[in-house]
Amino acid sequence: MTSTLSARNQTPDLSLDFIATPEQAGQRLDRVLAEVSGALSRSRVKALIEAGEALRDGQPVANPSEAVRPGARYILHVPPPEPATPQAQAIPLTILYEDPHLIVLDKPAGLVVHPAPGNLDGTLVNALLAHAGEELTGIGGEKRPGIVHRLDKDTSGVMVVAKSEAAHHALSEAFASRDLDREYLALVWGLPSPGRGEIEGDIGRHPMDRKRMAVVTRNGKHALTRYATEQAWAAACALLRCRLATGRTHQIRVHLSHKGHPLVGDPVYLRRTPASAKSLGPEAREALLAFPRQALHAATLGFRHPVTGEALSFSAPLPPDMAALLDVLKRDGE
């Protein structure tokens, strides 16, 4: 057996690489990897496996409790640790509302919410620290100060951030209990039928690709998305208004893709050129196929103020790139 926890490709990333022995056969994978590493806790190893960082003979390992196979080669990628405390960076923000307890903002597409491997700075957290300074110190922890929910990097729209402990606790509870109103605008391929409905299906890690989510029959979490068609361009594509009854990772993207209507531009769940693209004119077809991100926008967020109890609702207009797509589609239909 050989095992190493060493630098890989001249980067600060680490990897564990070993051949399982007969003595290790049948034991839980997370336990064996933790023991072989000599430095990682079992809970840390489990989290890495669930994040898609483990391979067995070159294939992703899906289950931390999987029995180790003798003679198999296991590799565990260990990303470098995140900085303990994000640093303030002067990044422009579009503030929709602010008081001593919270900030509501319109997050642009392309902005990561909090530091993580591969995006250690230049995030919303860095921008918030520059904007609010000491008001965010210690609110919800050092690594994600003020953050009570998130949007994917390439999803735009309304977010709320806590500026006080009372607000952080109340808003976290509201998101956990779904005691709020969230609406998204999604431009999808094809025309869902009926024009208004529900998509229900448990969401969990994709069994073959741990970096993707999927509708699963086992080990998933209940998810429900309601949608209504706002506008349609024949059977080519449609603008949907989606409401979340639950809040799972990539929920709208996964549910709509599962129903055969992936989001325009989705780099993860749009796997091939949609057949419905053929019914568009050349300009519209080229614009939609070239769109570089998922066409998803958090249009509305409504909740009760965490301190005063006042009912609040905030909306953000479509970002310029999505608005431009709709303009192209309008011209195509004329």
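Residues numbered from 1 in each chain as written. Predicted model: local features only at pLDDT ≥ 70, side-chain atom pairs only at ≥ 80, totals over all residues. Heavy atoms only, no water.

Under an unreviewed UniProt entry, the protein has the name Pseudouridine synthase and belongs to Roseomonas mucosa.

1. Quick look at the pattern of salt bridges
Within this structure, the stated rule accounts for 16 salt bridges. Close ionic contact of arginine 56 with glutamate 66 constitutes a salt bridge, the shortest N to O distance being 2.8 Å. In this pair, arginine 56 is assigned in strand E3 (residues 54-56) and glutamate 66 in the loop between strand E4 (59-60) and strand E5 (73-78), connecting sequence segments 10 residues apart. A single burial state applies to arginine 56 and to glutamate 66, both of which are buried. In this structure, arginine 331 engages glutamate 283 in a salt bridge whose closest nitrogen and oxygen atoms are separated by 2.6 Å. Of the two residues, arginine 331 sits in helix H7 (residues 320-333) while glutamate 283 sits in helix H6 (residues 282-290), which places them 48 residues apart along the sequence. Beyond isolated ion pairs, a larger network of salt bridges with shared partners links Asp181, Glu183, Glu230, Arg241 and Arg243. (Salt bridge = Lys/Arg side-chain N within 4 Å of Asp/Glu carboxyl O. Helix = DSSP H or I, 4+ residues; strand = E, 2+ residues; numbered from the N terminus. Buried < 20%, exposed > 50% of the residue type's maximum accessible area, 1.4 Å probe, protein only.)

2. Let's talk about the pairing of strand E13 (residues 224-233)
The two faces of a sheet get side chains in turn, since along a regular strand they alternate between them. One ladder, built from five bridges, connects strand E10 (residues 196-200) with E13; its direction is antiparallel. What sits directly across from isoleucine 199, in E13, is threonine 225. For E13 and strand E14 (residues 237-244), the ladder comprises eight bridges, and the chain directions are antiparallel. Bridged to threonine 225 within E14 is leucine 244. (Pairing = 2+ DSSP bridges.)

3. A few points about helix H3 (residues 124-132)
For H3, the tally of buried residues reaches seven of nine residues, placing the bulk of the element in the interior. Residues Leu124, Val125, Asn126, Ala127, Leu128, Leu129 and Ala132 constitute the buried set of H3. Buried-residue contacts for H3 involve strand E7 (102-107) and strand E8 (156-162). Where H3 begins, one side-chain oxygen reaches toward the backbone nitrogen of valine 125, 3.3 Å away; that side chain belongs to threonine 123. One or two steps after H3, the chain reaches glycine 133, where phi turns positive at roughly 60 degrees. (Contact = heavy atoms within 4.5 Å. Polar contact = N/O pair within 3.5 Å; in protein donor to acceptor, adjacent residues only side chain to side chain.)

4. Focus: the packing of H6 against H7
Two packed helices can be described by the angle between their axes and the distance between those axes. Two numbers describe how H6 lies on H7: the axes approach to 8 Å, and their chain directions differ by 160 degrees. As judged from the angle between their axes, H6 and H7 are roughly antiparallel. Note on packing geometry: the crossing formed by H6 with H7 is left-handed. Between H6 and H7, the residues in contact are Glu283, Ala284, Ala287 and Leu288 and Leu325, Val328, Leu329, Arg331 and Asp332, respectively. For the contact of H6 with H7, a count of residues per class yields six nonpolar, no polar and three charged. (Axes fitted to C-alpha atoms, helices over the stretch in contact; angles between N-to-C directions. Parallel < 35°, antiparallel > 145°, perpendicular 65-115°, else oblique. Left-handed = near helix turned anticlockwise from the far one by under 90°. Nonpolar A, V, L, I, M, F, W, Y, C, P; charged D, E, K, R; others polar.)

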